[in-house]
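Fold and geometry: a report
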2 protein chains.
Amino acid sequence: MNLPASIRAADRIYDRVKAMACTYRLSPGGRVNEVELARQLGVSRTPLREALNRLASEGFLVPTMNKGYHVRALDPAEVLALYEFRAAIEVGGVQLACERATDAELDGLEAFALASRDAPDEDAQALRLLELDEQFHERLAGLSGNDEFVRAVCATNERIRFVRWIDMKDRRAGTQNEHLAIVRHLRQRDAAMAGTLIRQHISRRLDQITEVIRIGYGEIYTGNALAAHVLDGAA
Amino acid sequence: MNLPASIRAADRIYDRVKAMACTYRLSPGGRVNEVELARQLGVSRTPLREALNRLASEGFLVPTMNKGYHVRALDPAEVLALYEFRAAIEVGGVQLACERATDAELDGLEAFALASRDAPDEDAQALRLLELDEQFHERLAGLSGNDEFVRAVCATNERIRFVRWIDMKDRRAGTQNEHLAIVRHLRQRDAAMAGTLIRQHISRRLDQITEVIRIGYGEIYTGNALAAHVLDGAA
DNA sequence: GACGGCAATAGTGTATACAGTTATTCTGTA
DNA sequence: TACAGAATAACTGTATACACTATTGCCGTC
C-alpha cells in the first residue's frame, strides 16, 4: 500500500514549467516553443504538452489556435482582478471558519502567526516572508472546512505570487501583526470584524499594484536580478 | 486522418466528455478507459488525453497514478462545499456589481429576469429553467466587472449542474422572483441587502442536497431517464 | 476449497513519426 | 531599394508505436 513518489514526467515538469511561468523566466507575452522547451527539460513533447495544458486551464498560459501557448502577460488590470477575487474568497472563508474552527485550531494558527512574526532575521527575506504569508492564508482558508476555498486561495496565490514577491520587498513588517489580529477576532467569534480585517489586509496595497508591476517588469528584463530559482517552491 | 481542418479535435471532444461527466453518462466513480473512449469518439488517444487533463484540473475527473482518470463521484459533502463556495463568490461579486454596474446594465438584467419569469409554458422544462438560472447568475457576475468572478461562477455551475437540474424538477417557481428582488436592491445600490438575498437564494435548498443527490443516483442507474443529451449545452 | 505465485492480458505513460499550418527566407520584378 | 509571391523552414496538432505497470485468469500447492 505504499504510494510511490510521482514518477510521471508530466507531473515533474508541470511544476517546473509553472515555476518558470510564475517567475517569468518564460518571458511574459512570449510564445512557448514546445520542441525547444521539451529538449531543455529532457522530455518529449507529449508530457510537456500535458503540463502546458493544465497550466493553460489554470490561467498561466493562453492557448492560441495553431500557434500553441503564450505566457500570460503581467497585466495590472488582471492582477487587480485577482486581488479582488482573492479578497472575496478569503472573506467568505473567514465567515465559515468563524463558525466552524475549533479553539484548538485557532490556537494553532495563532501560534503559527506568532512564530512567523518573531522569525529570526535571516528568515526575513522577501521570499521567506511571502512563503509564510501564503501559508497563513492557506491555513486560514483550511479552517473553513471547505476544500474549494483552499484550492481557490492556492490557485490565486500562485498567479499573483510574483507581484506579491516584488511587493514584499518593501513591506517588511505589519503583515504578521495583521494576521494575528484576524485570528484573535476569530477567537472572539466576531465574523464581521474578522472579515473586515482580512479584506483590508488584502486590499491595502491594491492601489500600488500598477507601480509594483512596473517594477516587476524591470526585474524581469534586467536579467537574473529575479534570482530565477527562488520562487520555485515557495508554497 | 490527420485533419485539424476546422478546429482542434481536443477542443471538440473536451466539450463532449465534459458533458458526459456532468450528466454522469460516465458512471461516477468509474474508471475512464482511454482507448475505448477514444474509439467511441472517433479520435486518437492524444487529443482525448488533452481533454481529460483539462477536465481533471477543473475537478470533473480525478487522476490516479498509472491508472488514468476516474469520474468524480456524486458526493453530497462536495456538492455542499461547491454551493458554499458559489455563495461566497456570488456575494462578493454582487458587492462589486453594486458599486460598478450602470443603471442601464441593471435594466438589462432586470429585463432578462422578467422575460425569464414570464417565459411561455413550453419553456418551463427543468432544463430550460436551469439554463435561464445559470445565465442570470453568470450575467450578474459579469456586472462585477471582474472576469475572475465570471469564470468561477461558470466553473462551479458546471460542476453542480446535474444536481441543480434534479432540484429544478420540483422547484418550478420562485427562482425568477428572487432574481428580480436581487436586481432591484442592486438598483437601489443596497449592497448589503442584495448580498443577503443572493446568499439566501443560493443556500435555500442546501439542506435538501443530500436527498437530491439520492434521487440523482436513482436517475443515473435507472438508465436513460437522464435523457443524456439534454444537459450537454445548457450554458 | 482457499491461497499464493506466475503467465497472459489490458491499459496507461512516453516517444516518435507525420500531416497541416504558420512563419521566414529567397527570388524576381518594378 | 521596395515589395509581392513562391519556396523553405519551423512549429503545432494528431496518430501510432512501444515500454512499463496494473489487472486478470490460471495453475499448483496446501
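Residues numbered from 1 in each chain as written. Chains lettered and ligands numbered in written order. Predicted model: local features only at pLDDT ≥ 70, side-chain atom pairs only at ≥ 80, totals over all residues. Heavy atoms only, no water.

Before going further, it helps to examine the overall build of chain A. Helices and strands together make up the secondary structure of chain A, namely ten helices and two strands. Counting only residues that meet the buried cut, chain A has 50% of its 235 residues in that class. Long-range pairs, those at least 24 residues apart, make up 77% of the contacts in chain A with a sequence separation of at least 6. Looking at chain A as shown, the accessible area adds up to about 10800 Å², and 52% of this sits on carbon and sulfur atoms. (Helix = DSSP H or I, 4+ residues; strand = E, 2+ residues; numbered from the N terminus. Buried < 20%, exposed > 50% of the residue type's maximum accessible area, 1.4 Å probe, protein only. Contact = heavy atoms within 4.5 Å. Areas by Shrake-Rupley, 256 points an atom, 1.4 Å probe, with all protein chains shown as cover.)

Around DNA strand D sit 22 residues, and of these Asn33(A), Arg45(A), Ala9(B), Ser44(B) and Thr46(B) come closest. In DNA strand D, atoms within 4 Å of the protein come from the sugar-phosphate backbone in 68% of cases. The separation between a phosphate oxygen of DNA strand D and a polar side-chain atom of Arg8(B) is 3.5 Å. A distance of 2.8 Å separates a base nitrogen of DNA strand D from a polar side-chain atom of Thr46(B). Every element with two or more residues in the surface near DNA strand D is listed here: helix 2 (34-41) and helix 3 (45-57) of chain A together with helix 1 (9-22) and helix 3 (45-57) of chain B. Its residues assigned to classes, the surface near DNA strand D comprises seven nonpolar, eight polar and seven charged. (Near = heavy atom within 4 Å. Polar contact = N/O pair within 3.5 Å; in protein donor to acceptor, adjacent residues only side chain to side chain. Nonpolar A, V, L, I, M, F, W, Y, C, P; charged D, E, K, R; others polar.)

Moving on: the protein's contact with DNA strand C. Around DNA strand C lies a shell of 23 residues, among which Ala9(A), Ser44(A), Thr46(A), Asn33(B) and Arg49(B) are the nearest. Within 4 Å of the protein, the contacting atoms of DNA strand C are drawn from sugar and phosphate to the extent of 72%. The contact in question runs from a phosphate oxygen of DNA strand C to an N or O atom on the side chain of Ser44(A), over 2.7 Å. Between a phosphate oxygen of DNA strand C and a side-chain N or O atom of Arg49(B), the distance comes to 2.8 Å. Those elements that place two or more of their residues in the surface near DNA strand C are helix 1 (9-22) and helix 3 of chain A together with helix 3 of chain B.

All names here are of chain A. Taking 1.5 Å per residue as the helical rise, helix 10 (residues 209-221) with its 13 residues ought to reach 18 Å, and the 18 Å between its terminal C-alpha atoms agrees with that figure. Taken together, the buried positions of helix 10 are occupied by Ile209, Val212, Ile213, Gly216, Glu219 and Ile220. Burial along helix 10 is one-sided: seen end-on, the buried residues are contained in an arc of 110°. Of the exposed residues in helix 10, those oriented more than 90 degrees away from the buried face are Arg214 and Tyr221. The inward-facing, buried residues of helix 10 contact helix 4 (76-100) and helix 7 (147-168). (Expected span 1.5 Å × (residues − 1). Arc of directions from axis to C-beta.)

Residues and elements named next belong to chain A. Ranked by internal contacts, the top residues of the largest apolar core, which has 41 residues, are Leu74, Val79, Tyr83, Leu140 and Val163. Elements with a contribution of two residues or more to this core: helix 4, helix 5 (103-117), helix 6 (126-142), helix 7, helix 8 (175-187), helix 9 (191-203) and helix 10. Top contributing element to this core by residue count: helix 4, with eight residues. What Val163 contacts, discounting residues up to four positions off in sequence, is Leu74, Val79, Tyr83, Ile209, Val212 and Ile213. (Core = buried A, V, L, I, M, F, W, Y, C linked by side-chain atoms within 4.5 Å.)

A few words now on the packing of aromatic side chains. In the structure shown here, the tally under the stated rule is six aromatic pairs over all chains. Summarising the aromatic geometry, the rings of Phe149(A) and Phe85(B) are spaced 5.2 Å apart at their centres and angled 90° between planes, so their arrangement reads as edge-to-face. With one member in each of two chains, Phe149(A) in helix 7 and Phe85(B) in helix 4 (residues 76-100) form a pair that bridges those chains. The same class applies to Phe149(A) as to Phe85(B), namely buried. Taken together, the ring pairs in this structure connect Tyr24(A), Phe162(A) and Trp165(A) into an aromatic cluster. Directly above the aromatic system of Tyr83(B) lies the positively charged group of Arg86(B), at a separation of 6.0 Å from the ring centroid. (Phe/Tyr/Trp six-rings, centres within 6.5 Å; stacked < 30°, edge-to-face > 60°. Lys NZ or Arg CZ within 6 Å of the ring centre and 35° of its normal.)

All names here are of chain B. Where strand 1 (residues 61-64) meets strand 2 (residues 68-71), four bridges bridge the pair, whose relative direction is antiparallel. Looking at strand 2, one finds that Thr64 is bridged to Gly68. Between strand 1 and the antiparallel strand that follows it, strand 2, lie three residues; Asn66 among them carries a positive phi value of about 60°. (Pairing = 2+ DSSP bridges.)

Residue and element names in this part refer to chain B. Here Glu78 shows up in helix 4. Sequence separation between Glu78 and Ile160 is 82 residues, and the spatial gap between their C-alpha atoms is 9.6 Å. If sequence neighbours within four positions are ignored, Glu78 has contacts with Arg72 and Arg159.

Taken as rigid bodies, chain A and chain B are interconverted by a rotation of 180° and an axial shift of 0.1 Å, the fit giving an RMSD of 0.1 Å. Such values leave the two copies arranged in the relation of a two-fold axis. A shared interface surface links the copies, since 93% of the contact residues of chain A are contact residues in chain B too. (Least-squares fit on C-alpha atoms with pLDDT ≥ 70 in both.)

What follows covers the interface of chain A and chain B. Often, the extent of an interface is quoted as the loss of accessible area on bringing the components together. Between chain A and chain B, the residue contacts involve 27 residues of the former and 26 residues of the latter. For the pair chain A and chain B, the summed buried area comes to about 2300 Å², and 53% of that belongs to carbon and sulfur atoms. For chain A, the biggest contributors to the area lost against chain B are Glu84(A), Phe85(A) and Glu148(A); these three give 24% of the whole. The interface formed by chain A and chain B holds six salt bridges in total. Glu84(B) is the salt-bridge partner of Arg100(A), the closest N and O atoms lying 2.2 Å from each other. The tally of links between chain A and chain B comes to eleven residue pairs in polar contact (both at pLDDT 80 or more). Only helix 3, helix 4 and helix 7 of chain A provide two or more residues apiece to the side of chain A that touches chain B. No other element matches the nine residues that helix 4 of chain A contributes to the side of chain A that touches chain B. Here the residues of the side of chain A that touches chain B sort into ten nonpolar, five polar and twelve charged. (Buried area = accessible area lost by both parts, 1.4 Å probe. Salt bridge = Lys/Arg side-chain N within 4 Å of Asp/Glu carboxyl O.)

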